[in-house]
Amino acid sequence: MARAWQRMLSGRRLDLLDPSPLDIEIEDIAHGLARVARWNGQTMGDHAFSVAQHCLLVEAIYDHTLKAATKAQRRAALLHDAAEYVIGDMISPFKAALGVDYKAFELRLMAAIHVRFGLPAKIDEALEVEIKQADKVAAYLEATQLAGFALAEAEKFFGRPKGLNGAGFQQFLALTPLPAVEAKDAYLQRFEALI
C-alpha cells in the first residue's frame, strides 16, 4: 500500500487522506507556505512571492476593508490558503482541470486546519465571500506589480479593486518578494497577534 502521509519538520505525520487537527502545527504551515511560490514562480524580483506573503496580504486587505473584523475572522483570512503548505499553490486553471476530487481533498485539509486553530471546520459563507474579495484584490495587485499583467488584463480576470487610490491603501501598492525565512517569520508573527 502506498504511503499516504507526510512527515513534517515538527516531527508530525500528517495523514493526507484523513488529516487530523492534532497533526497540524503553525510552524509547519508557515515553513511550507514561505517556500511555495505564487504564480508558479513567474514573478519579478530576487525571490519568489510566497503563499505566506500572499496570505499576509489578503489578511491585511481584509483587515483594512472590514475594520470591525474579529481576531478569529482575521485568522481565517490569514489561513485561507493554509492547505497549500502540503499541496502547493496550483494556479486556478489547473485546479479546474483536476476537478472535484482535488477540491474535496483541499476542503478536508482546510477543515482540519480550521479546527486546529479554533475556527469552525467550515467557515461561515459570508466570511468566505469577504475573504475571497480580499483574495481577488491581492491577486490583482500581485498580477499587476509582480506577474507582468497589464492593467486591462488583470481587470478582466480579477476585477478592478475599488478604492485603490483611497487613503490607507497605499501600503498595498509596493509589493516586494521576501526571502523565505523572512516570509515565514512575518507569517508566524501575524498568526501570534491573531491568537
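In the block above lies the structure referred to throughout.
This paragraph deals with the overall build of the protein chain. Along its length, the protein chain carries nine helices and two strands. For the protein chain, the α and β elements follow one another from N to C terminus as β-β-α-α-α-α-α-α-α-α-α. Counting only residues that meet the buried cut, the protein chain has 44% of its 195 residues in that class. Of all intrachain contacts in the protein chain linking residues separated by at least 6 positions in sequence, the fraction that spans at least 24 positions is 66%. Put simply, the protein chain shows about 10200 Å² of open surface, and 56% of that area lies on carbon and sulfur atoms.

With that settled, consider the environment of Gly45. Within the fold, Gly45 resides in the loop between helix H1 (26–34) and helix H2 (51–65). Separated by 131 residues in the primary sequence, Gly45 and Thr176 place their C-alpha atoms 7.4 Å from one another.

So, about the pattern of salt bridges. Using the criterion set out here, one finds eight salt bridges in the structure. Across the pair Arg74 and Asp63 runs a salt bridge, and its minimum N-O distance is 3.6 Å. One end of the pair, Arg74, is in helix H3 (residues 71–78); the other, Asp63, is in helix H2, with eleven residues separating them in the sequence. Residue Arg74 is classed as buried on the basis of its relative accessible area of 14%. In this structure, a network of salt bridges that share partners links the residues Glu59, Asp63, Arg74 and Arg190.

Turning our eyes to something else, we now look at the side chain of His114. With respect to the helices and strands, the residue His114 is situated in helix H6 (residues 100–116). The residues contacting His114, other than those within four sequence positions of it, are Leu119, Pro120, Ala121 and Ile123.

A separate point is H3. Taken as a whole, H3 has its buried residues at Arg74, Arg75, Ala76, Ala77 and Leu78. Packed against the buried residues of H3 are H2, helix H7 (125–145) and helix H9 (180–193).

Thresholds applied
Residues numbered from 1 in each chain as written. Predicted model: local features only at pLDDT ≥ 70, side-chain atom pairs only at ≥ 80, totals over all residues. Heavy atoms only, no water. Helix = DSSP H or I, 4+ residues; strand = E, 2+ residues; numbered from the N terminus. Buried < 20%, exposed > 50% of the residue type's maximum accessible area, 1.4 Å probe, protein only. Contact = heavy atoms within 4.5 Å. Areas by Shrake-Rupley, 256 points an atom, 1.4 Å probe, with all protein chains shown as cover. Salt bridge = Lys/Arg side-chain N within 4 Å of Asp/Glu carboxyl O.

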